[in-house]
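Structural overview
Chain by chain, the residues run as shown.
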Amino acid sequence: MGAHSKGAARTVPSVRAEGRGGGGVGGGASGRDRYFDALRALALVRVVAYHALGWPWAGLVFPSMGVMFALAGTLMARSLQRPAAAVLRSRLRRLLPPLWCWGLFVVGAMLARGWMPGWQIVYWVVPLGDPPGSAWGEQAWEILWYLRTYLWFVLLSPLLLRVFRLAPVPVLLLSLAPILAFQFLWQPPENRFGTGLLDLATYLFCWVLGFAHRDGVLARPKPAAVVPLSLAALACGAWYAFAHRAEYGTYDLDDMPLAQAFWSAGYVTLLMYSKARLGVDLSGLARLRRLDRLVSVFNARAVTIYLWHELALVLAVPLIDRFWDVPAFEAYLPLDSQWFLLAVGWVLIAVFVLLFGWVEDVAARRRPRLLP
């Protein structure tokens, strides 16, 4: 494994890693809206592609994390029709076993290479803070920022939803205030607490937007009210990213929380509004059976794909190195191509899904299956 800094795309050794990749916690089985399921699957594909290819513009084309948090917010608002304590228990039960299964391998590998954790090892049990790890294994464990942020949003949702319903539109608009405050008034400390606050502020709007969709708030305003505001948010995000390119050394949104927050807010609002107001759906996806099946698998195995995809890309590097020893492979396969790395990575992801995806079934109290 190799190390990289959070939010940056760096070659390790020939795999590019993104600090803010995407996963699909809250994804589920068939029977839900195919438009949202397709968005979740697309978000996962974009995350894996970014980690393999390192495109700095990937977040502009499709802000996976904003999409994922909005979808999870929608599901959380729906779930909170039941008692909050039961919902929180259910979410923890679905999240933690896949994490523990994956963590046995990652933590075990780091321990075998001489890493010795302190009391912070408890964050590997419940990721209320970023779990510790060695520099050698950082490319694997660094993605856990997403599970930590998701978990905090889940825990805060009973209160957030109650506040949102007091004044839906003002609360939604004001949910961008924390990231503005952190950018211009007070910089959070560079520790677990500060990093967690910054991530929550970055994606708070998207999570609350999920509430707005679930409660029908997005279906009420006319396009003339929503589209200009969304385009303004997109413009602000894009302007900040490119205006500060020299300062950050990139225009990658993952390195710029303020740009990420505003770009995701505008982009995801248009996606959710299209569904709520215009009734956009993908019901016709059922006619494309193989694609529809793939979307179902991605949703039912979203946590597994997210957790294991970096390991798959890491392991693809030495595997491809062995291919060079086979003359036919060297002659006819594009072994030095990042696209080939991506393809091998997806093969290994499929293997991990078959080996460990059933843990998601157990966590959800479903009958374990190789594929859903």
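Please read all numbers here as calculations on a predicted model, not as lab measurements. (Residues numbered from 1 in each chain as written. Predicted model: local features only at pLDDT ≥ 70, side-chain atom pairs only at ≥ 80, totals over all residues. Heavy atoms only, no water.)

Regarding empty space enclosed by the protein
- Tallied over the full model, the rule gives one cavity of 30 Å³ or more.
- Taken as a whole, the largest cavity holds about 40 Å³ of empty space.
- Lining the largest cavity we find Pro98, Cys101, Val303, Thr304, Leu307, Trp308, Phe356 and Val359.
- Top element by residues in the lining of the largest cavity is helix α14 (residues 302-323). It accounts for four residues.
- Here the lining of the largest cavity is composed, by residue class, of seven nonpolar, one polar and no charged. (1 Å grid on protein atoms, 1.4 Å probe; cavity = no way out; pocket = protein on both sides within 12 Å on 5 of 7 lines; lining within 4 Å. Points joined across faces, edges and corners; volume = space filled by probe spheres on them. Helix = DSSP H or I, 4+ residues; strand = E, 2+ residues; numbered from the N terminus. Nonpolar A, V, L, I, M, F, W, Y, C, P; charged D, E, K, R; others polar.)

Points about the pattern of salt bridges
- Counted according to the given criterion, the structure contains ten salt bridges.
- The shortest N-O distance in the salt bridge between Asp199 and Arg148 comes to 2.8 Å. Note that Asp199 is positioned in helix α9 (residues 192-214) and Arg148 in helix α6 (residues 145-166), a separation of 51 residues in sequence. Across this residue pair, the class does not change: Asp199 and Arg148 are buried.
- One salt bridge connects Asp215 with Arg165, and the closest N-O pair in it is separated by 2.8 Å. Placement of Asp215 in the loop between α9 and α10 (223-243) and of Arg165 in helix α6 is noted, with a sequence separation of 50 residues between them. (Salt bridge = Lys/Arg side-chain N within 4 Å of Asp/Glu carboxyl O. Buried < 20%, exposed > 50% of the residue type's maximum accessible area, 1.4 Å probe, protein only.)

Here's the deal with the layout of surface pockets
- Each pocket or cavity is described by its volume, and for the second largest pocket that value is around 420 Å³.
- Along the wall of the second largest pocket there are 22 residues; nearest its centre are Leu172, Leu173, Phe205, Leu229 and Thr269.
- Counting only elements with at least two residues in the lining of the second largest pocket, the list comes to α7 (168-174), α9, α10 and α12 (257-278).
- By residue class, the composition of the lining of the second largest pocket is 18 nonpolar, three polar and one charged.

Some words on the packing of α9 against α12
- Where α9 meets α12, the axes come as close as 9 Å, and the angle between the chain directions of the two elements is 10°. Judged by the angle between their axes, α9 and α12 are roughly parallel. From α9, Leu198, Thr202, Tyr203, Phe205, Cys206, Leu209, Gly210 and His213 reach across to α12, where they touch Pro257, Gln260, Ala261, Ser264, Ala265, Val268, Thr269, Met272, Lys275 and Ala276.
- A class-by-class count of the residues in the contact of α9 with α12 yields eleven nonpolar, six polar and one charged. (Axes fitted to C-alpha atoms, helices over the stretch in contact; angles between N-to-C directions. Parallel < 35°, antiparallel > 145°, perpendicular 65-115°, else oblique. Contact = heavy atoms within 4.5 Å.)

As for helix α4 (residues 84-112)
- If you check α4, its first and last C-alpha atoms are 41 Å apart, about what 29 residues at 1.5 Å a residue would give, namely 42 Å.
- Positioned one or two residues after α4, Gly114 has a phi angle of 95°, which is positive. (Expected span 1.5 Å × (residues − 1).)

Concerning the confidence of the model for the chain
- Per-residue confidence for the chain gives a mean pLDDT of 90; residues scoring 70 or more make up 91%.
- pLDDT under 50 marks residues 2-24. Its contacts with residues more than four places away, or in other chains, come to 98 contacts.
- Counting interchain partners and residues more than four positions distant, the pLDDT-below-50 stretch residues 26-31 has 14 contacts. (pLDDT = per-residue confidence, 0-100.)

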